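Working through the structure, step by step
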Amino acid sequence: MGEARARGSEGPRARKATSLRRAILAEKIAPYTFLLPWLIGFFVITLGPMLFSLYLSFTKFSMLAPAEWVGLDNYIKLFTNDPKYLDSIRVTLVYVLVSVPLQLAFALAVAMVLNRGLRGLSLYRSIYYLPSLIGASVAIAVLWRQMFGSNGLINQVLDFFGIEGMSWIGNPETALGTLVVLNVWTFGSPMVIFLAALRQVPQYLYEAAAVDGIGRWGAFRHITLPMLSPIVLFNLILQMIGAFQAFTPAFVVSGGTGGPVNSTLFYTLYLYQRGFTGFQMGYASAMAWVLFLVIAVVTAANFWFSKYWVHYDD
Amino acid sequence: MTTEAKFDQRTAAMTVGTKQSIARSSFKHTLLIAFGLVMLYPLIWMLGASFKDSEHIFSEVSPIPNPFILDNYVRGWDGAGVGFGTFMINSTIVALLSVIGNLVACTLAAYAFARMQFRGKTFFFACMMAMLMLPHHVLLIPQYILFANLGWVNTFLPLVIPKFLAVDAFFVFLMVQFLRGIPVELDQAAKIDGAGPWKTFFYVILPLLKPALATSAIFTFIWTWNDFLSPMIYLQDPRNYTVPLGLNAFLDASGDSAWGAMFAMAVISLGPLFGFFLVGQKYLVQGIATTGLKG
């Protein structure tokens, strides 16, 4: 009150009105202050760069000279005049199509075994999850490079059984296989998701099935798999997106070359080579956009096909 | 038949049943342990190899080092030009700042999305969800150009600043999902008690977010610690290298001759990850199970 009198003409009612207006304004602004870091991040280092990269994909740009508009040239060259690019597509597709289903099959099989009232579950879960945690690190890639090399652990084991080994990573026929093994080895994270989902399957379904005399395989086929199908789809999409973008293992195992004979030239590795060692930033941008489209199409196709095999409870 | 005899018969049947189930479960355990050992064998072997001299690394399947030497650790720690200690410090700085950035920025954004009303909310939320799907590689080149123009190349800024701007949409999403499980009545009660949005956020929401914060912190740490591509693009001076770059430089510089030292440093580089794994195991597993994070 003393304050109001000191301000003279401004009565208590007027003061109440301004403070109310101020409160309303504060409430309107508050959400944006919370969102401010995200907004800057979104506009300045996501949306802006995204549009810029789309523009760059239609240019020739080396960072040394201004970007030069070339229209669709980069895209045309990718598919008609760059055998290395086609190799990188082939390698990546094989990697995704072989390693992801294998990885999910392992994940589901182990989750099924671990699911029913087993003691020490958390210990097993940890052991099997551990490789997922470190699988993408350089340390493991280094280990893989030694394991599958000509003096490596794999050959030492084979030698123990009297089988003659070879340099698995030096042979174009087998190099990609070693990276597939590495990806399958990290089946732990989809396994943990499967385990959580298996716990949600109602027990009475199995009891009813047992009354009907359905065997174990039948129960798996007609109860577990349909009940789990949304989670299978979820894991499939997640792991495929991850596999399309794999980089570190191929880079380290091949010493950055993608060799031997382009057999481990992952898409992202070739993109890196073009963009950051060849400084063909426009060309690499076009590659990035094709990758984006491929991932979007594959994800959409997964959803589209899912209506034939995924069952939702409703 | 007397009741006693019936009882005997039943217990006999039960023991047969338990015996069978014990046999079955011990078979299962044996299988699971054997499979686990095969899976972990490369890691165990690498740990052993880090204490072997090079002659034994290339001739032994057994992980037990004989003779047991520490020389690999000494040589590795000093090796690769700058010294592995520097790489460890660099990685720690980058990882810890990334954790702080992600926790602060993603939590704030998630609170706005989950609890507040404002113009453009639906649009921005859709943008956030779209960011989840965007491959990192689309942004790689333009971000490099942006940060190069800012003079940030060869500093930690390009690795850390984006985290303070909540570009890891995954954690925003995770926390929005988590906030949806916390009753709105709590916020409303705080508002009636006269708390503003910031007070509500700090005193009501933040304490309840602990599990989501822990999951985000652990995964941010692990992903930054393992990250190879971004540091490779931005860090050129070996004195600024993070651990993965240091390890890779080691591989280039010494070829196949220094496997022992390399394995020793690989073991050290995995150390902090194992530490987080042991401490945060509960949150880690919950985090993956409920949100489907990729490890």
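Throughout, a residue's number is its position along its own chain's written sequence, starting from 1. Chain A is the first chain written and ligand 1 is the first ligand written, with later ones labelled in order. Where local features are concerned, this predicted model is filtered to residues with pLDDT of at least 70; where side-chain atom pairs are given and counted, the filter is 80 or more; whole-chain, interface and lining totals use all residues. Side-chain numbers here rest on the full set of heavy atoms in the structure, without hydrogens or water.

**Here we look at the overall build of chain A**
Worth spelling out the cut-off: Counting from the N terminus, the helices are DSSP H or I runs at least four residues long and the strands are E runs at least two residues long. With C-alpha atoms as the basis for the radius of gyration, the globule rule is written as 2.2 Å multiplied by the number of residues raised to the power 0.38. Here's how the labels work: a residue is buried when its accessible area is under 20% of the maximum for its type, exposed when over 50%, partly exposed in between, all with a 1.4 Å probe on protein chains only.
A tally of regular secondary structure across chain A gives 14 helices and 2 strands. Its C-alpha atoms give chain A a radius of gyration of 28 Å, more than 25% over the compact-globule value 20 Å for 314 residues. Seen through its C-alpha atoms, chain A measures out along the principal axes to roughly 100 × 70 × 40 Å. Every one of the 314 residues in chain A was classed for burial, and the buried ones make up 51%.

**Focus on the overall build of chain B**
To keep things clear, this is the line we draw: Here a residue-residue contact requires only that any non-hydrogen atoms of the pair lie within 4.5 Å. For accessible areas, the Shrake-Rupley method is used with a probe of radius 1.4 Å. Any residue's cover is judged against the shown protein chains and nothing else.
A tally of helices and strands in chain B yields 14 helices and 0 strands. When the elements of chain B are put in sequence order from the N terminus, they spell out α-α-α-α-α-α-α-α-α-α-α-α-α-α. Whereas a compact globule of 295 residues would reach a radius of gyration of roughly 19 Å, chain B reaches 26 Å, over 25% beyond that. Seen through its C-alpha atoms, chain B measures out along the principal axes to roughly 85 × 65 × 30 Å. Counting across all 295 residues of chain B, residues that qualify as buried make up 49%. Counted over contacts in chain B with a minimum sequence separation of 6, partners at least 24 positions apart contribute 69%. Surface accessibility of chain B: about 14000 Å² in total, with carbon and sulfur atoms responsible for 67%.

**Observations concerning the packing of aromatic side chains**
What counts is decided by this rule: Pairing of aromatic rings covers Phe, Tyr and Trp, the last counted by its six-membered ring, and requires centre-to-centre distances within 6.5 Å; plane angles under 30 degrees mean stacked, over 60 mean edge-to-face, and any other angle means tilted. Only lysine NZ and arginine CZ atoms are considered, and such an atom sits over a ring when it is within 6 Å of the ring centre and within 35 degrees of the ring normal.
Summed over the entire model, instances satisfying the criterion amount to 58 aromatic pairs over all chains. Ring centres of Phe34 of chain A and Tyr111 of chain B lie 5.1 Å apart, and the angle between their planes is 45°; this geometry places the pair in the tilted category. Placement of Phe34 of chain A in helix H2 (residues 12-56) and of Tyr111 of chain B in helix H4 (residues 84-115) is noted, with the two residues assigned to different chains. For Phe34 of chain A, a relative accessible area of 0% translates into the label buried. Judged by its relative accessible area of 4%, Tyr111 of chain B is buried. Arranged with centres 5.8 Å apart and planes meeting at 45°, the rings of Trp144 of chain A and Phe148 of chain A form a pair that is tilted. Clustering of aromatic rings is evident, with ring pairs tying together Tyr32, Trp38, Phe42 and Phe43 of chain A together with Phe113, Phe118, Phe123, Phe124 and Phe125 of chain B. A cation over an aromatic ring shows up here: Lys77 of chain A above the ring of Tyr283 of chain A, its NZ or CZ 4.9 Å from the ring centre. When the ring centre of Tyr283 of chain B is taken as origin, the NZ or CZ atom of Lys282 of chain B, which lies over that ring, is 5.3 Å away.

**Points about the environment of Phe251 of chain A**
Mapped onto the elements of the fold, Phe251 of chain A is located in helix H12 (residues 248-253). We classify Phe251 of chain A as buried; its relative accessible area is 9%. Sequence separation between Phe251 of chain A and Phe266 of chain A is 15 residues, and the spatial gap between their C-alpha atoms is 8.5 Å. If near-sequence neighbours (up to four positions away) are discounted, Phe251 of chain A is found in contact with Gly256, Leu269 and Tyr272 of chain A together with Phe228, Met232 and Asn248 of chain B.

**Regarding the interface of chain A and chain B**
Worth spelling out the cut-off: Joining two parts hides part of their accessible area as seen by a 1.4 Å probe, and the buried area is that hidden amount summed over both. Think of a salt bridge as a Lys or Arg side-chain nitrogen and an Asp or Glu carboxyl oxygen that are within 4 Å of each other. By the criterion applied in these results, polar contacts are pairs of N or O atoms within 3.5 Å in which, for protein atoms, one can donate a hydrogen and the other can accept it, and in which residues neighboring in sequence qualify only through two side-chain atoms. Residues were grouped as follows: Ala, Val, Leu, Ile, Met, Phe, Trp, Tyr, Cys and Pro as nonpolar; Asp, Glu, Lys and Arg as charged; and all remaining residues, including Gly, as polar.
Taken together, the contact between chain A and chain B spans 86 residues of the former and 89 residues of the latter. Of the roughly 7800 Å² buried between chain A and chain B, counting both surfaces, carbon and sulfur atoms make up 80%. Of all residues in chain A, the largest losses of buried area upon contact with chain B belong to Phe34, Trp38 and Ile45 of chain A, amounting jointly to 11% of the total for that side. Here chain A is connected to chain B by 0 salt bridges. The tally of links from chain A across to chain B stands at 11 residue pairs in polar contact (both at pLDDT 80 or more). In terms of residue count, the dominant contributor to the side of chain A that touches chain B is H2 of chain A (22 residues). Of the residues belonging to the side of chain A that touches chain B, the class tally is 61 nonpolar, 19 polar and 6 charged.

**Considerations on a nonpolar patch on the surface**
All names here are of chain B. As a reminder of what qualifies: Within this analysis, patches are made of residues with over 30% relative accessible area and no salt bridge. Like charges are joined at 9 Å or less; nonpolar side chains (Val, Leu, Ile, Met, Phe, Trp, Tyr) at 5 Å or less.
On the surface, a nonpolar cluster with roughly 480 Å² of combined accessible area is contributed by Ile89, Ile93, Leu97, Ile100, Val104 and Phe164. The biggest single contributor to the nonpolar patch is H4, with 5 residues. Note that Ile100 resides in helix H4.

**Things to note about the environment of Leu133 of chain A**
With respect to the element layout, Leu133 of chain A can be found in helix H5 (residues 121-134). Sequence separation between Leu133 of chain A and Leu72 of chain A is 61 residues, and the spatial gap between their C-alpha atoms is 41 Å. The residues contacting Leu133 of chain A, other than those within four sequence positions of it, are Ile222, Asn226, Leu273, Phe277 and Leu284 of chain B.

**Notes on helix H10 (residues 197-208) of chain B**
Using the following cut-off: Expected span, for any helix, means 1.5 Å times one less than how many residues it has. Note that the arc is defined by the directions from the helix axis to the C-beta atoms.
Under the 1.5 Å per step criterion, the end-to-end length of H10 of chain B is 15 Å for 12 residues, consistent within 8% with the ideal 16 Å. Residues of H10 of chain B that are buried include every one of Thr200, Phe201 and Ile205 of chain B, and no others. Angularly, the buried residues of H10 of chain B cover 95° about the axis, an arc narrow enough to put them on a single face. Turned more than 90 degrees away from the buried face of H10 of chain B, the exposed residues are Lys199 and Tyr203 of chain B. Summarising the contacts, the buried residues of H10 of chain B are in contact with H2 of chain A together with H4, helix H8 (169-180) and helix H9 (184-192) of chain B.

**Describing the packing of H10 of chain B against helix H11 (residues 210-226) of chain B**
Residues and elements named next belong to chain B. This is how it is decided: The angle between two axes is taken between their N-to-C directions and runs from 0 to 180 degrees, where each axis is a line fitted to C-alpha atoms and a helix contributes only its stretch in contact.
As a packed pair, H10 and H11 sit with axes 5 Å apart at the nearest point and diverge in direction by 65°. Contacts between H10 and H11 involve Leu206, Pro207 and Leu208 from the former and Lys210, Pro211 and Leu213 from the latter. Class assignment of the residues belonging to the contact of H10 with H11 gives a composition of 5 nonpolar, no polar and 1 charged.

**Describing the state of the cysteines**
Put simply, the test is: A pair of cysteine sulfur atoms is labelled a disulfide when the two atoms are within 2.5 Å.
In total, this model carries 0 disulfides over all chains according to the counting rule given. Cys106 of chain B takes part in no disulfide bond, and the closest cysteine sulfur to it belongs to Cys127 of chain B, at a distance of 16 Å.

**A look at the pattern of salt bridges**
Residues and elements named next belong to chain B. Overall, the coordinates contain 7 salt bridges over all chains when judged by the stated rule. Between Lys163 and Asp168 there is a salt bridge whose closest N-O contact spans 3.3 Å. The class for Lys163 is buried, based on a relative accessible area of 16%.

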